[in-house]
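# Topology and contacts: notes
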Amino acid sequence: MSLLDDFMVRAVLAGLGVVLAAAPLGCFVVWRRMAYFGDATAHASILGVALALAFNLSIFGGVLSVALIMALTVSSLGGRGYAMDTLLGVMAHSSLAFGIVAVSLIDSVRIDLMAYLFGDILAVGRMDLLVIWMGAAAVLILLIARWSALLTATLNPDLASAAGISPKQEQLILSLALAVVVAVAIKVVGVLLIAAMLLIPAAAARPFARTPERMAAIAVGIGIVSVGGGIQLAFQFDTPTGPTIVCVCAVLFCAASLSELIRKNT
Amino acid sequence: MSKPLIALKNVCVHIGAKVALHDVSLSLTSGEIVTVVGPNGSGKSTLLRTLIGALKPTGGTLTHRPNLRIGYVPQKLHIDPTLPLTVRRFLSLPQRVSDDVAQKALQDAGAEALEHQQMTSLSGGQFQRVLLARALLNRPHILILDEATQGLDQPGSADFYAQIERVRQQFGCAVLMVSHELHVVMAASDRVICLNGHICCEGAPETVASAPEYRALFGSGTHGALALYRHEHSHTHDENCAHDHNHHHADDQTHAHGDHT
């Protein structure tokens, strides 16, 4: 009997995989004020689940393609004078609604909608684990390889252009990474809470960091603690695992903000 | 005159469907300080962004010397408070630079001892000096500044321009800048370009200040302010000025309006 036979071990490994990619990417989401963007992409992915079920494709493939289309659409609309938050709000919630309606129309398969909305980390199989870790590794490698360019483009597009970096290309890379993270995280925390795993660790890491790299590393650390603590607590109190992980993360964020407040006032 | 570092010939730039610049021809040579003035929306930033390669001309040609190094100081840069960034780390973006190089650049820009500060904690003047230091890292042939003193008080911006002048002498680089502070800038420039979608007039500061196109844009009130700084010159060289002016107009005709004829 190998270690991976234990569903708890698989759950922890799945959570770690997601966090490893989501936390550094989440830093960019925070720095670039793309929180709603992440939300919209994540919510749209339920449409991907519906399509995958309807055409008998892999869930990962369906979600990845829809998330990618959504991310590209939104990023190409950006900077064209639209009121972005309104537009994103419309797209996020309407795609979520259409997705849920579409899933319910497919009566050939009995599916648990809750599993896709809030994740089902305890049901992660070996194949899922492989997909999660491959996706996470790809995102992490992409981010590390492009780190300086991404950071420069985030600071100021003109500064990037002057250094021979294309801000559009870097935006595209982030959109791609976001789509992959959404696709691998859907099993773990579900479409409704993916954005939380992007934002909260990064936001909690901010008070402790003096450089961008440090912030990303601390965010990963906070993510790991949240996953470990969340799974433990969910097991102990018999609560849904995905939301429990997010709860732990949120508590850590509050603690971080509070300690910053105290530090500033003393 | 030596070969220009960078040259625009009849350049047009569209932003969306709007024509931001048309028929712009200009060139920069080593060591000169050129200032671009013009009202809001006259295409000043568009011109600079075209020169650094952020925008592609939709007409005309942009040529530059091979391996031209451009140092760019953007208009006041907003750094999101959620992004932790020390001055030292900022200088290593996107290319990592050694501590020595970083230290030297900070010294050249008059920003010593700021190394370990957070970018978001700097004062306006310090921030602009750090941006200048970053632009000096690759020992540029041309320094391009986009309203670099916006938000600084008068002594602050005077200090900043004095620093630019020192940098120019030390590096022998050309300086192209956009500014609203007409009197300060004009006193510090070799050549002034007055922009309003196209080049209205250009030449030595005194010439431009007395050009009717310039007065039409900025009113004679500004000219009065300028005269405060320049009155000795305009009195003694009144005659010359008139000549310059005529000469310059002939120039202007061929440069900016050549295409219409």
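By the naming in an unreviewed UniProt entry, chain B goes by Zinc transport system ATP-binding protein and is assigned to Pacificibacter maritimus.

With an unreviewed UniProt entry as reference, chain A is termed High-affinity zinc uptake system membrane protein ZnuB, source organism Pacificibacter maritimus. In its Function (unreviewed entry) section, the UniProt entry covering chain A states "Involved in the high-affinity zinc uptake transport system." According to the UniProt record, the Subcellular location (unreviewed entry) comment for chain A reads "Cell membrane".

### Considerations on the pattern of salt bridges
If you walk through the whole model with that rule in mind, you get 13 salt bridges over all chains. As a salt-bridge pair, Lys-187 of chain A and Asp-128 of chain A come within 3.9 Å of each other at their nearest N and O atoms. Taken together, the residues span a long stretch of sequence, with Lys-187 of chain A in helix H9 (residues 167-189) and Asp-128 of chain A in helix H6 (residues 126-145) at a distance of 59 residues. The salt bridge partner of Glu-32 of chain B is Arg-191 of chain B, with a shortest N-O separation of 3.0 Å. Note that Glu-32 of chain B is positioned in the loop between strand E2 (18-28) and strand E3 (33-37) and Arg-191 of chain B in strand E8 (residues 191-195), a separation of 159 residues in sequence. Pair check on accessibility: Glu-32 of chain B and Arg-191 of chain B agree, each one buried. Each of Glu-260, Arg-263 and Lys-264 of chain A takes part in one network of salt bridges that share partners.

### As for the packing of aromatic side chains
Working definition: an aromatic ring pair is given by the centre-to-centre distance plus the angle between the planes. Residues and elements named next belong to chain A. Across all of its chains, the model carries 4 aromatic pairs over all chains by this definition. On the numbers, 5.1 Å between centres and 80° between planes, the contact of Phe-28 with Trp-31 is edge-to-face. In this pair, Phe-28 and Trp-31 both sit in helix H1 (residues 7-31), 3 residues apart, roughly one turn of the helix. The pair Phe-28 / Trp-31 is uniform in exposure class, with both members buried. Between Trp-31 and Trp-147 the ring centres are 6.3 Å apart and the planes differ by 80°, which places this aromatic pair in the edge-to-face class. Of the two residues, Trp-31 sits in helix H1 while Trp-147 sits in helix H7 (residues 147-155), which places them 116 residues apart along the sequence. Through a chain of ring-to-ring contacts, three or more aromatic side chains come together here, namely Phe-28, Trp-31 and Trp-147.

Rules behind the numbers
- Residues numbered from 1 in each chain as written.
- Chains lettered and ligands numbered in written order.
- Predicted model: local features only at pLDDT ≥ 70, side-chain atom pairs only at ≥ 80, totals over all residues.
- Heavy atoms only, no water.
- UniProt positions renumbered as here; feature names shortened; annotations may be inferred.
- Salt bridge = Lys/Arg side-chain N within 4 Å of Asp/Glu carboxyl O.
- Helix = DSSP H or I, 4+ residues; strand = E, 2+ residues; numbered from the N terminus.
- Buried < 20%, exposed > 50% of the residue type's maximum accessible area, 1.4 Å probe, protein only.
- Phe/Tyr/Trp six-rings, centres within 6.5 Å; stacked < 30°, edge-to-face > 60°.

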